[in-house]
Amino acid sequence: MATSETPADRRPTRAAGLLYGIGLGGFVDGIVLHQLLQWHHMVSHVDDTPTTTVAGLEANTFADGLFHVLAWLCVVAASVLTVRAWQQGRLAPTWSFHLGLVLAGWGLFNVVEGLVDHQLLGVHHVRDDLGAPLSWDLGFLAAGALLVVVGWLVHRRGARDVARAQPRTTTPR
(Lines give C-alpha, C1' and ligand atoms only; values in the text may rest on other atoms or scores of the structure.)
Protein backbone atom coordinates (compact mmCIF):
# COMPACT_ATOMS: atom_id res chain seq x y z
CA MET A 1 0.00 0.00 0.00
CA ALA A 2 1.37 3.40 -0.94
CA THR A 3 1.33 6.37 1.38
CA SER A 4 1.39 10.01 0.37
CA GLU A 5 3.12 10.94 3.60
CA THR A 6 6.78 11.81 3.34
CA PRO A 7 9.31 11.37 6.16
CA ALA A 8 9.53 15.14 6.54
CA ASP A 9 5.80 15.22 7.38
CA ARG A 10 6.42 13.07 10.47
CA ARG A 11 9.46 14.86 11.91
CA PRO A 12 8.95 16.54 15.28
CA THR A 13 8.44 20.29 15.13
CA ARG A 14 11.44 22.50 15.85
CA ALA A 15 9.39 25.65 16.45
CA ALA A 16 7.92 24.35 19.72
CA GLY A 17 11.32 23.68 21.29
CA LEU A 18 12.68 27.05 20.23
CA LEU A 19 9.60 28.86 21.59
CA TYR A 20 9.84 26.94 24.88
CA GLY A 21 13.46 28.07 25.13
CA ILE A 22 12.66 31.70 24.34
CA GLY A 23 9.81 31.78 26.86
CA LEU A 24 11.61 29.89 29.61
CA GLY A 25 14.76 31.96 29.02
CA GLY A 26 12.63 35.07 29.48
CA PHE A 27 11.24 33.68 32.73
CA VAL A 28 14.73 32.86 34.04
CA ASP A 29 15.89 36.39 33.18
CA GLY A 30 12.84 38.05 34.72
CA ILE A 31 12.64 35.91 37.84
CA VAL A 32 16.35 35.65 38.62
CA LEU A 33 17.80 38.97 37.40
CA HIS A 34 14.78 41.23 37.88
CA GLN A 35 13.09 39.79 40.97
CA LEU A 36 15.47 37.67 43.03
CA LEU A 37 18.80 39.43 42.46
CA GLN A 38 17.21 42.81 41.60
CA TRP A 39 20.13 43.70 39.35
CA HIS A 40 17.86 45.51 36.91
CA HIS A 41 14.28 45.91 35.78
CA MET A 42 12.92 46.29 32.28
CA VAL A 43 13.40 50.06 32.05
CA SER A 44 15.69 50.69 35.02
CA HIS A 45 18.29 52.58 32.96
CA VAL A 46 15.76 55.10 31.63
CA ASP A 47 16.03 58.52 33.31
CA ASP A 48 12.25 58.87 33.83
CA THR A 49 11.98 55.55 35.69
CA PRO A 50 14.66 55.36 38.42
CA THR A 51 14.27 52.43 40.78
CA THR A 52 15.07 54.76 43.69
CA THR A 53 11.57 56.31 43.64
CA VAL A 54 8.20 54.69 44.23
CA ALA A 55 6.89 55.94 40.87
CA GLY A 56 9.99 54.63 39.09
CA LEU A 57 9.74 51.25 40.79
CA GLU A 58 6.03 51.06 39.90
CA ALA A 59 6.83 51.79 36.22
CA ASN A 60 9.60 49.18 36.23
CA THR A 61 7.40 46.57 37.92
CA PHE A 62 4.67 47.19 35.32
CA ALA A 63 7.21 46.88 32.47
CA ASP A 64 8.54 43.66 34.04
CA GLY A 65 4.96 42.34 34.11
CA LEU A 66 4.50 43.06 30.40
CA PHE A 67 7.80 41.30 29.74
CA HIS A 68 6.56 38.24 31.66
CA VAL A 69 3.33 38.25 29.64
CA LEU A 70 5.41 38.00 26.44
CA ALA A 71 7.45 35.14 27.92
CA TRP A 72 4.22 33.39 28.94
CA LEU A 73 2.77 33.83 25.43
CA CYS A 74 5.87 32.14 23.98
CA VAL A 75 5.35 29.14 26.28
CA VAL A 76 1.63 29.02 25.38
CA ALA A 77 2.47 29.15 21.65
CA ALA A 78 4.99 26.34 22.14
CA SER A 79 2.35 24.26 23.93
CA VAL A 80 -0.16 24.83 21.09
CA LEU A 81 2.44 23.79 18.51
CA THR A 82 3.25 20.68 20.55
CA VAL A 83 -0.40 19.62 20.71
CA ARG A 84 -0.83 20.31 16.97
CA ALA A 85 2.20 18.12 16.24
CA TRP A 86 0.66 15.28 18.27
CA GLN A 87 -2.64 15.70 16.42
CA GLN A 88 -0.79 15.56 13.08
CA GLY A 89 0.78 12.26 14.09
CA ARG A 90 4.32 13.62 14.10
CA LEU A 91 7.03 11.62 15.80
CA ALA A 92 7.82 12.53 19.38
CA PRO A 93 11.15 14.33 19.69
CA THR A 94 13.99 12.63 21.48
CA TRP A 95 15.23 14.33 24.64
CA SER A 96 18.33 15.64 22.87
CA PHE A 97 16.27 16.90 19.90
CA HIS A 98 13.95 18.86 22.20
CA LEU A 99 16.40 19.91 24.95
CA GLY A 100 18.87 21.15 22.35
CA LEU A 101 16.20 23.41 20.85
CA VAL A 102 15.17 24.67 24.30
CA LEU A 103 18.80 25.60 25.05
CA ALA A 104 19.21 27.21 21.63
CA GLY A 105 15.96 29.17 22.13
CA TRP A 106 17.12 30.36 25.54
CA GLY A 107 20.41 31.47 24.04
CA LEU A 108 18.60 33.17 21.18
CA PHE A 109 16.52 35.06 23.74
CA ASN A 110 19.70 36.18 25.55
CA VAL A 111 21.44 37.32 22.36
CA VAL A 112 18.44 39.26 21.02
CA GLU A 113 17.51 40.75 24.39
CA GLY A 114 21.14 41.63 25.10
CA LEU A 115 21.65 43.32 21.75
CA VAL A 116 18.30 45.15 21.64
CA ASP A 117 17.65 46.13 25.29
CA HIS A 118 21.23 46.44 26.57
CA GLN A 119 23.09 47.80 23.56
CA LEU A 120 20.70 49.37 21.02
CA LEU A 121 17.96 50.80 23.25
CA GLY A 122 19.96 51.01 26.47
CA VAL A 123 16.81 50.61 28.61
CA HIS A 124 18.71 48.45 31.08
CA HIS A 125 21.93 46.51 31.54
CA VAL A 126 22.59 43.18 33.24
CA ARG A 127 23.90 45.09 36.27
CA ASP A 128 22.30 48.53 36.52
CA ASP A 129 23.39 48.62 40.15
CA LEU A 130 27.09 48.98 39.16
CA GLY A 131 29.06 51.51 37.20
CA ALA A 132 30.49 50.44 33.81
CA PRO A 133 28.09 47.54 33.12
CA LEU A 134 29.54 46.69 29.68
CA SER A 135 31.51 43.66 30.90
CA TRP A 136 28.33 42.15 32.39
CA ASP A 137 26.44 42.84 29.15
CA LEU A 138 29.19 41.19 27.08
CA GLY A 139 29.21 38.19 29.42
CA PHE A 140 25.44 37.88 28.99
CA LEU A 141 25.84 37.94 25.19
CA ALA A 142 28.64 35.36 25.35
CA ALA A 143 26.54 33.08 27.56
CA GLY A 144 23.67 33.41 25.09
CA ALA A 145 25.89 32.58 22.13
CA LEU A 146 27.28 29.56 24.00
CA LEU A 147 23.73 28.34 24.73
CA VAL A 148 22.86 28.64 21.02
CA VAL A 149 25.93 26.66 19.93
CA VAL A 150 25.66 23.94 22.59
CA GLY A 151 21.91 23.70 22.11
CA TRP A 152 22.22 23.34 18.35
CA LEU A 153 24.90 20.63 18.71
CA VAL A 154 22.72 18.69 21.17
CA HIS A 155 19.72 19.16 18.86
CA ARG A 156 21.64 17.87 15.82
CA ARG A 157 22.49 14.67 17.68
CA GLY A 158 18.82 14.25 18.52
CA ALA A 159 17.79 15.01 14.93
CA ARG A 160 20.06 12.20 13.71
CA ASP A 161 18.40 9.83 16.21
CA VAL A 162 14.95 10.90 14.99
CA ALA A 163 15.96 10.37 11.35
CA ARG A 164 17.14 6.84 12.14
CA ALA A 165 13.88 6.07 13.96
CA GLN A 166 11.61 7.25 11.11
CA PRO A 167 9.87 4.53 9.20
CA ARG A 168 10.69 4.53 5.50
CA THR A 169 7.87 5.34 3.11
CA THR A 170 6.87 2.70 0.64
CA THR A 171 6.13 3.17 -3.00
CA PRO A 172 3.90 0.94 -5.16
CA ARG A 173 5.62 -1.52 -7.48
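Residues numbered from 1 in each chain as written. Predicted model: local features only at pLDDT ≥ 70, side-chain atom pairs only at ≥ 80, totals over all residues. Heavy atoms only, no water.

J.: Please explain the packing of aromatic side chains as it appears in this structure.
T.: One pair of aromatic rings is described through two measures. These are the centre distance and the angle between the planes. Across all of its chains, the model carries 2 aromatic pairs by this definition. When the ring of Trp-39 is compared with that of Trp-136, the centres are 5.0 Å apart and the planes differ by 70°; the resulting orientation is edge-to-face. Here the residue Trp-39 occupies a position in the loop between helix 2 (14-36) and helix 3 (54-87), and Trp-136 occupies one in helix 5 (residues 134-165), the gap between them amounting to 97 residues. Classification of Trp-39 by relative accessible area gives buried; the value is 18%. When its relative accessible area of 36% is taken as the criterion, Trp-136 is described as partly exposed. With 6.0 Å between their ring centres and 40° between their planes, Phe-67 and Phe-109 make a pair best called tilted. (Phe/Tyr/Trp six-rings, centres within 6.5 Å; stacked < 30°, edge-to-face > 60°. Helix = DSSP H or I, 4+ residues; strand = E, 2+ residues; numbered from the N terminus. Buried < 20%, exposed > 50% of the residue type's maximum accessible area, 1.4 Å probe, protein only.)

J.: It is not clear to me how the pattern of salt bridges should be interpreted in this structure. Could you clarify?
T.: Opposite charge on two side chains allows them to pair when their charged atoms are near. One pass over the structure, following the stated rule, counts 2 salt bridges. Salt-bridge contacts for Asp-129 lead to Arg-127; the nearest nitrogen and oxygen are separated by 2.8 Å. Residue Asp-129 is classed as partly exposed on the basis of its relative accessible area of 43%. With relative accessibility at 13%, the residue Arg-127 sits in the buried group. (Salt bridge = Lys/Arg side-chain N within 4 Å of Asp/Glu carboxyl O.)

J.: Sorry, what's going on with the packing of helix 2 against helix 5 here?
T.: Two quantities define a packed helix pair, namely the angle between the helix axes and the distance between the axes. It is at 13 Å that the axes of helix 2 and helix 5 come closest, and there the two elements cross at 150°. Accordingly, the angle class assigned to the pair helix 2 and helix 5 is roughly antiparallel. Handedness of the crossing formed by helix 2 with helix 5: right-handed. Residue-level inspection shows Arg-14, Asp-29 and Leu-33 of helix 2 in contact with helix 5, the latter providing Phe-140, Trp-152, His-155 and Ala-159. (Axes fitted to C-alpha atoms, helices over the stretch in contact; angles between N-to-C directions. Parallel < 35°, antiparallel > 145°, perpendicular 65-115°, else oblique. Left-handed = near helix turned anticlockwise from the far one by under 90°. Contact = heavy atoms within 4.5 Å.)

J.: Even after reading the chapter, I still don't get the packing of helix 2 against helix 4 (residues 95-120), so can you show me in this structure?
T.: Look at helix 2 against helix 4: their axes get within 6 Å of each other, and the N-to-C directions meet at 50°. Taken together, helix 2 and helix 4 sit at an angle that is classed as oblique. Seen from above, helix 2 lies across helix 4 with right-handed handedness. Facing helix 2, whose interface residues are Arg-14, Gly-17, Leu-18, Tyr-20, Gly-21, Ile-22, Gly-25, Gly-26, Val-28 and Asp-29, helix 4 presents Phe-97, His-98, Leu-101, Val-102, Ala-104, Gly-105, Trp-106, Leu-108, Phe-109 and Glu-113.

J.: Looking at this model, I keep getting lost on the environment of Leu-99. Mind explaining?
T.: Tracing the sequence through the fold places Leu-99 in helix 4. What makes Leu-99 partly exposed here is its relative accessible area of 44%. Taking the C-alpha atoms as reference, Leu-99 lies 18 Å from Trp-86; in sequence the two are 13 residues apart.

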